[in-house]
Amino acid sequence: MGLLEFNKLPINTLVGADWKTFKAITAGRDIDAAYKGKYRLTKAVCRLLSTLAPLQNSRYEKLLANKPLEHDPVFILGHWRSGTTFVHNVFSCDKHFGYNTTYQTVFPHLMMWGQPFFKKNMSC
């Protein structure tokens, strides 16, 4: 199986944004004809997934609300091709660190509740 080219995916990375954010970012923008299909699919999936976010919130909000962090978080930030993925991969090998998967960063509003379903149904 070949690698997927990011720019050829049928959706945009905004697919994981909440509906309010999607609307704010796309408001007043002209979408080039070549990208209208990608825009429409992204918009539809974003809208659908945004309706599911309250399910995650109701299930996990009370469970996690009073859980203090044991340690301060470490954020790895950097320009692409600068080694941030390498640093992420090194830290993720150590059981003392927690990390986000790609799924969790793309779908932050469904990273706990929807992950098993979506990862199973969206895998190649």
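Quick note: structure is the one above.
This structure is a prediction, so every number in the text was calculated from the model and none was measured. (Residues numbered from 1 in each chain as written. Predicted model: local features only at pLDDT ≥ 70, side-chain atom pairs only at ≥ 80, totals over all residues. Heavy atoms only, no water.)

1. What about the layout of surface pockets?
The probe, sized like a water molecule, is rolled over the atoms to show the empty space still left. In this structure, the largest pocket encloses a volume near 1500 Å³. Taken together, 31 residues line the largest pocket, and the ones lying closest to its centre are H88, G98, Y99, N100 and T105. Contributions of two or more residues to the lining of the largest pocket are made by helix 3 (84-92) and helix 4 (102-106). Here the residues of the lining of the largest pocket sort into 15 nonpolar, 13 polar and 3 charged. (1 Å grid on protein atoms, 1.4 Å probe; cavity = no way out; pocket = protein on both sides within 12 Å on 5 of 7 lines; lining within 4 Å. Points joined across faces, edges and corners; volume = space filled by probe spheres on them. Helix = DSSP H or I, 4+ residues; strand = E, 2+ residues; numbered from the N terminus. Nonpolar A, V, L, I, M, F, W, Y, C, P; charged D, E, K, R; others polar.)

2. Thoughts on the nonpolar core
If you look at the biggest cluster of nonpolar residues, it comprises 7 residues: V15, L49, L52, Y103, F107, L110 and F118. Beyond its immediate sequence surroundings of up to four residues, Y103 is in contact with L110, M111, G114, Q115, F118 and K119. Core analysis: the next-biggest nonpolar cluster, separate from the first, contains 5 residues, L14, A17, W19 and C46 among them. (Core = buried A, V, L, I, M, F, W, Y, C linked by side-chain atoms within 4.5 Å. Buried < 20%, exposed > 50% of the residue type's maximum accessible area, 1.4 Å probe, protein only. Contact = heavy atoms within 4.5 Å.)

3. Details of a nonpolar patch on the surface
On the surface, V74, I76, F86, V87, V90, F91 and F97 cluster together into a nonpolar patch covering about 600 Å² of accessible area. In this structure, F86 sits in helix 3. (Patch = residues over 30% accessible without salt bridge, like charges linked within 9 Å, V, L, I, M, F, W, Y side chains within 5 Å. Areas by Shrake-Rupley, 256 points an atom, 1.4 Å probe, with all protein chains shown as cover. Salt bridge = Lys/Arg side-chain N within 4 Å of Asp/Glu carboxyl O.)

4. Some remarks on the environment of C46
Take C46: it is sitting in helix 2 (residues 36-65). We classify C46 as buried; its relative accessible area is 0%. Distance in space between the C-alpha atoms of C46 and W19 is 6.5 Å, their sequence separation being 27 residues. Apart from the residues lying within four places of it in its own chain, the contact partners of C46 are L14, V15, A17, D18, W19 and F22.

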